[in-house]
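Each chain, letter by letter, is given below.
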Amino acid sequence: MSTVVCALCAGPLVPSHNFCEACGRDLRGEAAGRCWRSSTAGPGPCAGCGGTDFSADGYCESCGRRRNAGQDHVELEVGGVAAVTDKGRHKRRNEDAVAIGRLGDTAIAVVCDGVSTSSRADEASHAGVDAAMTTLISALAAGEAPAEAIVAATRAAAVAVAALAGPDTAHSPPSCTYVSAVVTGTEVVIGWVGDSRAYWLADQPGQSQPLTSDDSLAGQLAAAGVAADPSEGRDPRLTALARWLGADSGDTEPRTRSFQPAGPGRVLVCSDGLHRYLSDPAELAVTAPGTPAETARALNQLSLDAGGADNIAIAIMPVPLEEPEEPTE
Amino acid sequence: MTQPSFDIEVHHNEYLPQGGQIVDAIITVSASGSGLPSPLAAAVSTAQVIMVDCSGSMGYPATKMSEATRATATAIDTLREGVPFAVVAGTHNAYLIYPPGGAVRMVPANAQTRAAAKAEVSRLRADGGTAMSRWLDLANKLFASQPAEIKHAILLTDGKNESESPQDLARVLDECEGRFVCDSRGIGQGWIAEELMKISSTLLGEADGLEDVSELPAAFRAMTETAMGKAAADVSLRVWTPASATIRFLKKAFPQVEDLTARRTEVSPRIGDYPTGAWGAESRDYHLSVEVASAAVGDELLAARVSLVSHDQKLAERLVLAKWTDDLALSTRINPQVAHYTGQEEMASLLREGVAAMQAGDEQTATAKLGRARKIALESGHTDTAKLVERVAEVVDEPTGTIRLKKKEDVAGGIEEIIKVRSVKTTRVKRQAE
């Protein structure tokens, strides 16, 4: 019998119950055997004044501060999959979001990175991961192939993010990048929009490789085999996003890729808060050994130590996956 | 009554520099939709009282009284069928001249009552003093018996409110506030702009002066038509501001400048209602200025939540946001709407102060203020106002905008009061990409 934990509080769930005994989360519609968690903040006090009364549109009723959709630092673990997200050292709030989940012998990870020049970017990324994860799990549970499920999930995320636009954001509607990975017993399927990435980190030396290519000029050049001059640093013209999710985005269809690992290893899904500092697959593979949780934590620390200029989101999925029977927490 | 649909737009630069605390926004409120009645449809209940100055001065020249009589008849003809109305003759006292019989009551407009009312009006004679508080007090009592949604009054005067103390008028205005809307018009040379502006400010109407009494019938028709087109009464602008924020001011900015800051009714410590009066199919602008506690770069604050409410029902809502940034290109951007109305508010003050200086014999101050006001008027496309200034001053040097006051005998009587009463009228900024 599988152990299922609550997506919100990680407490053990009784499959026949409608609500989590520990936190009261509504479980109707969540079939047994599926479980996911995201870095989206639960109801908490206002960061500005400690007030607990918020308007429906997310502003503190006392001091007017907007409620952050994310949290400064979150560590997640679901069925052997681990994730860490961190505000970094320079950003005022965490606009990166991550969600990880399990559905039987399938693992899922989604990362969205809020576009910092857009309005309420943290709401965009968190709405994105939550909508994508909900759709992915339902589609996979309904028997859809991973690639189709990823396309459906990306569309759901695009709709959720676009819906955040309002009259106050006419000039810069909430926007984010998107990357998701589905790991089954035999393959890894990736879908992405923007410059958040997935990597295959093989246990076997020489096998590690990137699984995505950025939707930016730099990403297209790299995919075409044009090596970037490291002395140029991050040229904003080259790294500017060509595609994103948001009300002002034209093309939100994900690029997808399927990959059959030759041996054991790990799938890394991350935002540029990590890959701006370390982007070489072979180096990533050897830099942080250990359990998925240890690896995620170590890569997060590496990004912080390197400067922590941006928000960080990292998910690590082991291949092969842990048996779903094993306890997860 | 079907509510018209209201829409709010916010124009402002939401970016503040580090340490910035002032958020200025122009709030555009537009009412439209099928809920608005056509001028002839009796969809909304309306009542109207016409107050005609019958003081002694109205008899000189004789055209004053005859045009006032004609204008009142025109207004009566413009009333929608079935609208309750009454006519008050104002002197140092107030007399209900229609409906007759002495009882304080109003009667619905129809062919028979219109004819009877016009017959009574044609018998009006000029005789007596001027005590506007008596007129307004009678109008207030007349309206008190009316269940109508829109209660509209017209006040016509040619003189100063001299048969009573300013305190009498202030006290009655307090009693009338929120009970009915009053438009006022001055004719001739003896009326005082400040008095009419005080009445119209308090009673949320429009004050104006007419240069020629022959304009009166058209003015009365226009005021009555506008009143018949109103579909929503008692609409308030509700403003939520965060704890530790202060509302520096809330002004109506278009079509006239009207400071509403002191008109706040506290709903809760952070929410206040400001009266906006009755609405037809129209669009107005309000200028809100909020001082907020400074926050760190990257922080986002809801500086104000602006909504329109009627009978505690929310009709529309918009947010006024503030974001702190270290990007000077963002924080120094000036919103064209805010800049335009800041200029219009300055122009209004300069016009009033300039005319006051002129009347006090301070030529130097008057020249400087009126010259500057004319310059702002021209720059903002307010040619009517520029022309008004040119009625009291001649342009010495157009490029610099230098003016010279005309000799007193060359200035038409009453024009100074017209400049003051029209100083609050604003133009709209030409809509362009912000």
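The structure presented is a predicted model; accordingly, all values stated were derived computationally and were not measured.

A look at the interface of chain B and chain A
Size of an interface: often given as the accessible area lost when the parts come together.
Then step 1. Between chain B and chain A, the residue contacts involve 20 residues of the former and 17 residues of the latter.
Then step 2. Both faces considered, chain B and chain A share a buried interface measuring about 1500 Å² in area, 43% of it formed by carbon and sulfur atoms.
Then step 3. Taken together, the links from chain B to chain A amount to 5 salt bridges.
Then step 4. Residues Arg 305 of chain B and Asp 57 of chain A are paired through a salt bridge, measuring 3.0 Å at the closest nitrogen-oxygen approach.
Then step 5. Contributing elements (two or more residues each) for the side of chain B that touches chain A: strand S17 (300-310) and strand S18 (313-324) of chain B.
Then step 6. Looking at the side of chain B that touches chain A element by element, the count peaks at 5 residues for S18 of chain B.
Then step 7. Broken down by class, the residue content of the side of chain B that touches chain A amounts to 10 nonpolar, 1 polar and 9 charged.

A look at the sheet that holds strand S10 (residues 209-210) of chain A
Residue and element names in this part refer to chain A.
Then step 1. Pairing in this open sheet of 6 strands is antiparallel, and the strands run S2-S3-S14-S13-S9-S10 from one edge to the other. With partners counted over all chains shown, the strands left at the sheet margins are strand S2 (73-78) and S10, one partner each.
Then step 2. Bridge analysis of S2 against strand S3 (residues 81-86) gives 6 bridges, and the strand direction is antiparallel. Paired with His 73 across the bridge in S3 is Asp 86.
Then step 3. Strands in contact with helix H7 (residues 292-305) are S2, S3, strand S13 (265-270) and strand S14 (312-319); relative to S14, the strand with the most contacts, it is inclined by about 150°.

Side note on helix H11 (residues 415-422) of chain B
All names here are of chain B.
Then step 1. Among the 8 residues of H11, 7 are classified as buried, and the element is accordingly described as predominantly covered.
Then step 2. Every buried residue of H11 is accounted for by Ile 415, Glu 416, Glu 417, Ile 418, Ile 419, Lys 420 and Val 421.
Then step 3. Contacts made by the buried residues of H11 are with helix H5 (193-202), strand S10 (207-210), helix H8 (336-359) and helix H10 (383-392).

Remarks on the packing of aromatic side chains
How two aromatic rings sit relative to each other is set out by the distance from centre to centre and by the angle between their planes.
Then step 1. Tallying each qualifying case throughout the model produces 4 aromatic pairs over all chains.
Then step 2. Aromatic side chains Trp 200 of chain A and Phe 259 of chain A sit 5.7 Å apart centroid to centroid with 50° between the ring planes, which places their arrangement in the tilted category. You can see Trp 200 of chain A sitting in strand S9 (residues 197-202) and its partner Phe 259 of chain A sitting in strand S12 (residues 255-259), a full 59 residues away along the chain.
Then step 3. Under the relative-accessibility criterion, Trp 200 of chain A is labelled buried at 2%.
Then step 4. Geometrically, the ring pair formed by Phe 6 of chain B and Trp 279 of chain B is edge-to-face, given 5.4 Å between the ring centres and 80° between the ring planes. One end of the pair, Phe 6 of chain B, is in strand S1 (residues 5-11); the other, Trp 279 of chain B, is in strand S15 (residues 271-279), with 273 residues separating them in the sequence.
Then step 5. When the ring centre of Tyr 277 of chain A is taken as origin, the NZ or CZ atom of Arg 276 of chain A, which lies over that ring, is 5.5 Å away.

With respect to the nonpolar core
Residues and elements named next belong to chain B.
Then step 1. Of all hydrophobic cores here, the largest spans 56 residues; its most connected members are Val 49, Met 51, Leu 136, Leu 155, Phe 180, Cys 182 and Leu 370.
Then step 2. Residues within four places of Val 49 in sequence aside, it is in contact with Ala 86, Val 88, Met 106, Ala 139, Leu 142, Phe 143, His 152, Ala 153 and Ile 154.
Then step 3. With 33 residues, the next largest nonpolar core counts Ala 245, Ile 247, Leu 250 and Ala 303 among its residues.

So, the environment of Tyr 95 of chain B
All names here are of chain B.
Then step 1. You can see Tyr 95 is positioned in strand S6 (residues 94-98).
Then step 2. For Tyr 95, a relative accessible area of 41% translates into the label partly exposed.
Then step 3. Sequence separation between Tyr 95 and Trp 135 is 40 residues, and the spatial gap between their C-alpha atoms is 8.0 Å.
Then step 4. When neighbours within four sequence positions are excluded, Tyr 95 is seen to be in contact with Val 87, Val 88, Ala 89 and Leu 138.

Digging into unusual backbone geometry
Then step 1. Cis rather than trans, the peptide bond between Val 319 of chain A and Pro 320 of chain A has omega equal to 0°.
Then step 2. Structurally, Pro 320 of chain A can be placed in the segment after S14.
Then step 3. Its identity as a non-glycine residue notwithstanding, Asp 234 of chain B has a phi of 55°, on the positive side.
Then step 4. With respect to the secondary-structure elements, Asp 234 of chain B resides in strand S11 (residues 232-240).
Then step 5. Notably, His 311 of chain B is not glycine yet its phi reads approximately 50°, a positive angle.
Then step 6. Along the polypeptide, His 311 of chain B turns up in the loop between S17 and S18.
Then step 7. Judged by its relative accessible area of 59%, His 311 of chain B is exposed.

Here's the deal with the sheet that holds strand S3 (residues 22-32) of chain B
Residue and element names in this part refer to chain B.
Then step 1. The 5 strands are arranged S1-S3-S16-S12-S13 in an open sheet whose pairing can be described as antiparallel. The strands lining the two open edges of the sheet, one partner per strand, are S1 and strand S13 (258-259).
Then step 2. Pairing of S1 with S3, which is carried by 7 bridges, proceeds in the antiparallel orientation. Looking at the pairing, Ile 8 lines up with Val 29 of S3.
Then step 3. Packed on one face of the sheet, H8 meets S1, S3, strand S12 (246-254) and strand S16 (282-291) and runs near 90° to S3.

Points about the side chain of Asp 86 of chain A
All names here are of chain A.
Then step 1. With respect to the helices, strands and loops of the structure, Asp 86 is situated in strand S3.
Then step 2. Although buried, Asp 86 forms no salt bridge, and the nearest oppositely charged side chain, Lys 87, lies 7.0 Å from it.
Then step 3. Here the side chain of Asp 86 touches Gly 88 through a polar contact of 2.8 Å, landing on its backbone nitrogen.
Then step 4. Those residues in contact with Asp 86, other than ones at most four positions away along the chain, are Asp 72, His 73, Asn 94, Asn 300, Leu 304, Asn 311 and Ile 312.

Some details on the pattern of salt bridges
Then step 1. Inspection of every chain in the model, using the stated rule, returns 49 salt bridges over all chains.
Then step 2. Salt-bridge contacts for Arg 92 of chain A lead to Asp 299 of chain B; the nearest nitrogen and oxygen are separated by 2.7 Å. Taken together, the residues span two chains, with Arg 92 of chain A in the loop between S3 and strand S4 (96-103) and Asp 299 of chain B in the loop between S16 and S17.
Then step 3. As a salt-bridge pair, Glu 317 of chain B and Lys 314 of chain B come within 2.6 Å of each other at their nearest N and O atoms.
Then step 4. Note on Glu 317 of chain B: relative accessible area 23%, which makes it partly exposed.

Points about the pairing of S10 of chain B
All names here are of chain B.
Then step 1. The two faces of S10 match: Ala 207 and Gly 209 on one face and Asp 208 and Leu 210 on the other face are all buried.
Then step 2. Pairing between strand S9 (residues 181-187) and S10: 4 bridges, direction parallel. Residue pairing in the sheet places Ile 187 in a bridge with Leu 210 of S10.
Then step 3. Traced from S9 through H5 to S10, the parallel crossover comes out right-handed.

Here's the deal with the confidence of the model for chain B
Then step 1. A residue-level look at chain B finds 96% of positions with pLDDT of 70 or above and a mean pLDDT of 92.
Then step 2. Scored as a whole, the predicted complex attains pTM 0.84, and scored at its interfaces, ipTM 0.74.

Let's talk about the packing of H8 of chain B against H11 of chain B
Residues and elements named next belong to chain B.
Then step 1. Relative to each other, H8 and H11 sit at 155°, their axes nearing to 8 Å. Our classification of the angle between H8 and H11 gives roughly antiparallel. For H8 against H11, the interelement crossing comes out left-handed. Contacts from Leu 351, Arg 352, Val 355, Met 358 and Gln 359 of H8 reach H11 at Glu 416, Glu 417, Ile 419 and Lys 420.
Then step 2. Classifying every residue of the contact of H8 with H11 gives 4 nonpolar, 1 polar and 4 charged.

What about the pairing of strand S8 (residues 150-157) of chain B?
All names here are of chain B.
Then step 1. The element S8 is largely enclosed, with a buried count of 8 among its 8 residues.
Then step 2. Residues Ile 150, His 152, Ile 154 and Leu 156 point to one face of S8 and Lys 151, Ala 153, Leu 155 and Thr 157 to the other, with burial holding for every one of them.
Then step 3. Here 7 bridges tie strand S4 (residues 46-53) to S8, and the two strands are oriented parallel to one another. Within S8, the residue paired with Met 51 across the bridge is Leu 155.
Then step 4. Bridge analysis of S8 against S9 gives 6 bridges, and the strand direction is parallel. Pairing of His 152 across the sheet is with Val 181, part of S9.
Then step 5. At this point the chain moves from S8, through helix H4 (residues 166-176), to the parallel S9, and the crossover so formed is right-handed.

What counts and what doesn't
- Residues numbered from 1 in each chain as written.
- Chains lettered and ligands numbered in written order.
- Predicted model: local features only at pLDDT ≥ 70, side-chain atom pairs only at ≥ 80, totals over all residues.
- Heavy atoms only, no water.
- Contact = heavy atoms within 4.5 Å.
- Buried area = accessible area lost by both parts, 1.4 Å probe.
- Salt bridge = Lys/Arg side-chain N within 4 Å of Asp/Glu carboxyl O.
- Helix = DSSP H or I, 4+ residues; strand = E, 2+ residues; numbered from the N terminus.
- Nonpolar A, V, L, I, M, F, W, Y, C, P; charged D, E, K, R; others polar.
- Pairing = 2+ DSSP bridges.
- Axes fitted to C-alpha atoms, helices over the stretch in contact; angles between N-to-C directions.
- Buried < 20%, exposed > 50% of the residue type's maximum accessible area, 1.4 Å probe, protein only.
- Phe/Tyr/Trp six-rings, centres within 6.5 Å; stacked < 30°, edge-to-face > 60°.
- Lys NZ or Arg CZ within 6 Å of the ring centre and 35° of its normal.
- Core = buried A, V, L, I, M, F, W, Y, C linked by side-chain atoms within 4.5 Å.
- Lys, Arg positive; Asp, Glu negative; His and termini not counted.
- Polar contact = N/O pair within 3.5 Å; in protein donor to acceptor, adjacent residues only side chain to side chain.
- Right-handed = clockwise from strand over helix to strand, strands pointing away.
- pLDDT = per-residue confidence, 0-100.
- Parallel < 35°, antiparallel > 145°, perpendicular 65-115°, else oblique.
- Left-handed = near helix turned anticlockwise from the far one by under 90°.

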